[in-house]
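# Coordinate inspection notes
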Amino acid sequence: MNTESPIGIFDSGIGGLTVVKAIQAALPHERIIYFGDTARVPYGPKSEITIRKYAADDTAILMRYQPKMIIVACNTVSALALNIVEKSCSNIPVIGVLKSGAKLAVQITNNNRIGVIGTQATVCSNAYAYAINQLNPDIEVISQACPLFVPLAEEGFINHPVTKLVAEHYLTEIRTQGIDTLVLGCTHYPILRQVIEETLGSGISIIDSAEAVALRTRELLSESGLLNPSHKVSVPNLLVSDLPQKFSMLYQLFMGSALPNVDLVEV
Ligand code: DGL
């Protein structure tokens, strides 16, 4: 492991690309190796035991590339299996999206009422409420699972009428709860941010943990002397467990850059 080693990032599918984008913006000279477990997405409706097994598999795939750190670009894994990831990669640092999102929300709220939307597994784990209340026990956390958002994002239904209907269905109740801040507690959700924002109306700050994770990554690499000194801008190395072509098209749609090479790996 050295300064030139890649940063390993994983998610169940395309959601983690929102984190890749933020890392590229903050650290353009870092090499990125991204794994999307497209054969087994979505993780959110699965049991804790299954999610923990997937987290170990995903980490093992990235470890083959000797990364200098791992970013868990999946709230579901961050909520239920962060310790499995840490155990599976022994001595390299691991950052999960959940803590960064919770921290940012606590900094932003003025009225101490924070909404969190996420997958079924993340919401049921109560991990956001726990992380937020560790930082400030006076904050009220109101959560809502939005399971259909993940397949909609995976289909590229960014601005589709169906997405608008689904958003209306999920967000009507939480909108009336007096929250001033809403955490997008699933990395797929920033892909649907425009529809989510329109449905919520004005006056609610939206938290996307990707930027906070990117800043924390820069801090961590700098503290440990592991920032890549290169001046070359790297193209991420992309791996998926199924349908590389579909991933490649979606990558182009979300990242706005040319069709990348996507390799297939077995899980
Ligand atoms: N993007 C992931 C998350 O942040 C997983 C979504 C899923 O696969 O259900 O939770």
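Please read all numbers here as calculations on a predicted model, not as lab measurements.

## Looking at the nonpolar core
In this structure, Ile9, Ile23, Ile117, Phe149, Leu182, Tyr189 and Ile196 are the most contacted members of the largest nonpolar core, which totals 56 residues. Here the element with the most residues in this core is helix α1 (residues 17-26); it accounts for 6 residues. The contacts of Ile117, once residues within four sequence positions are left out, are Gln144, Cys146, Phe149, Leu171, Ile174, Leu182, Val183, Leu184, Gly185, Cys186, Tyr189 and Ile196. Grouped together as the second largest cluster of nonpolar side chains are 23 residues, Phe10, Ile33, Cys74 and Val94 included.

## Some words on the pairing of strand β7 (residues 181-185)
Of all 5 residues in β7, 5 are buried; the element is thus mostly enclosed. The pairing of strand β5 (residues 113-118) with β7 spans 5 bridges and is classified as parallel. Across the sheet, Gly118 pairs through a bridge with Gly185, a residue of β7. Judged from the 3 bridges that link them, β7 and strand β8 (residues 205-207) form a sheet pairing that is parallel. The partner of Thr181 across the bridge, within β8, is Ser205. Crossover connection from β7 via helix α10 (residues 193-200) to parallel β8: handedness right-handed.

## Some details on empty space enclosed by the protein
In this structure the tally under the stated criterion is 3 cavities of 30 Å³ or more. The space that makes up the largest cavity amounts to roughly 80 Å³. Taken together, 14 residues form the lining of the largest cavity, with Ser12, Thr76, Thr119, Cys186 and His188 sitting closest to its centre. Looking at the lining of the largest cavity, its residues break down into 6 nonpolar, 7 polar and 1 charged.

## Brief notes about the packing of helix α5 (residues 97-108) against helix α11 (residues 209-223)
Where α5 meets α11, the closest approach of the two axes is 8 Å, and the angle between their N-to-C directions is 110°. The orientation of α5 with respect to α11, classified from their angle, is roughly perpendicular. Contacts between α5 and α11 involve Val97, Ser100, Gly101 and Leu104 on the former and, on the latter, Ser209, Ala212 and Val213.

## So, α5
If you check α5, its first and last C-alpha atoms are 17 Å apart, about what 12 residues at 1.5 Å a residue would give, namely 16 Å. Taken together, the buried positions of α5 are Val97, Leu98, Ser100, Gly101, Ala102, Ala105 and Val106.

## Things to note about the site of the ligand
Taken together, 14 residues lie around the ligand, and Ser12, Tyr43, Asn75, Thr76 and His188 are the ones closest in. One nitrogen or oxygen atom from the side chain of Asp11 is found 3.0 Å from a nitrogen atom belonging to the ligand. In the model, an oxygen atom of the ligand is placed 2.6 Å from a nitrogen or oxygen of the Thr76 side chain. Compared with its free state, where it exposes 300 Å², the ligand has 99% of that area covered by protein. More than half of the atoms of the ligand fall within 2 Å of the grid points belonging to the largest cavity. Residues belonging to the shell around the ligand are distributed by class as follows: 6 nonpolar, 7 polar and 1 charged.

## Topic: the layout of surface pockets
Taken as a whole, the largest pocket encloses approximately 590 Å³ of empty space. Forming the boundary of the largest pocket are 23 residues, of which Gly96, Leu98, Lys99, Ser100 and Lys103 lie nearest the centre. With 6 residues, the single largest contributor to the lining of the largest pocket is α5. Within the lining of the largest pocket, the residues separate by chemical class into 13 nonpolar, 5 polar and 5 charged. The computed volume of the second largest pocket comes to approximately 170 Å³. In terms of lining, the second largest pocket is formed by Leu17, Thr18, Lys21, Pro190, Ile191, Asp208, Leu253, Phe254 and Met255. Sorting the residues of the lining of the second largest pocket by element identifies α1 and α12 (244-255) as the ones contributing at least two each. Among the residues making up the lining of the second largest pocket, the classes are represented as 6 nonpolar, 1 polar and 2 charged.

## Regarding the environment of Thr119
With respect to the secondary-structure elements, Thr119 resides in the loop between β5 and α6 (120-125). Taking the relative accessible area as the measure of exposure, Thr119 reaches 5% and is therefore buried. When the C-alpha atoms of Thr119 and Lys46 are compared, they prove to be 9.8 Å apart, with 73 residues separating the residues in sequence. Residues within four places of Thr119 in sequence aside, it is in contact with Gly44, Thr76, Ala145, Val150, Cys186 and Tyr189. Engagement of the side chain of Thr119 in a polar contact is seen with the side chain of Thr76, the distance being 3.0 Å.

Reading the values: rules and limits
Residues numbered from 1 in each chain as written. Predicted model: local features only at pLDDT ≥ 70, side-chain atom pairs only at ≥ 80, totals over all residues. Heavy atoms only, no water. Core = buried A, V, L, I, M, F, W, Y, C linked by side-chain atoms within 4.5 Å. Buried < 20%, exposed > 50% of the residue type's maximum accessible area, 1.4 Å probe, protein only. Helix = DSSP H or I, 4+ residues; strand = E, 2+ residues; numbered from the N terminus. Contact = heavy atoms within 4.5 Å. Pairing = 2+ DSSP bridges. Right-handed = clockwise from strand over helix to strand, strands pointing away. 1 Å grid on protein atoms, 1.4 Å probe; cavity = no way out; pocket = protein on both sides within 12 Å on 5 of 7 lines; lining within 4 Å. Points joined across faces, edges and corners; volume = space filled by probe spheres on them. Nonpolar A, V, L, I, M, F, W, Y, C, P; charged D, E, K, R; others polar. Axes fitted to C-alpha atoms, helices over the stretch in contact; angles between N-to-C directions. Parallel < 35°, antiparallel > 145°, perpendicular 65-115°, else oblique. Expected span 1.5 Å × (residues − 1). Near = heavy atom within 4 Å. Polar contact = N/O pair within 3.5 Å; in protein donor to acceptor, adjacent residues only side chain to side chain. Areas by Shrake-Rupley, 256 points an atom, 1.4 Å probe, with all protein chains shown as cover. Sits in = over half its atoms within 2 Å of the grid points.

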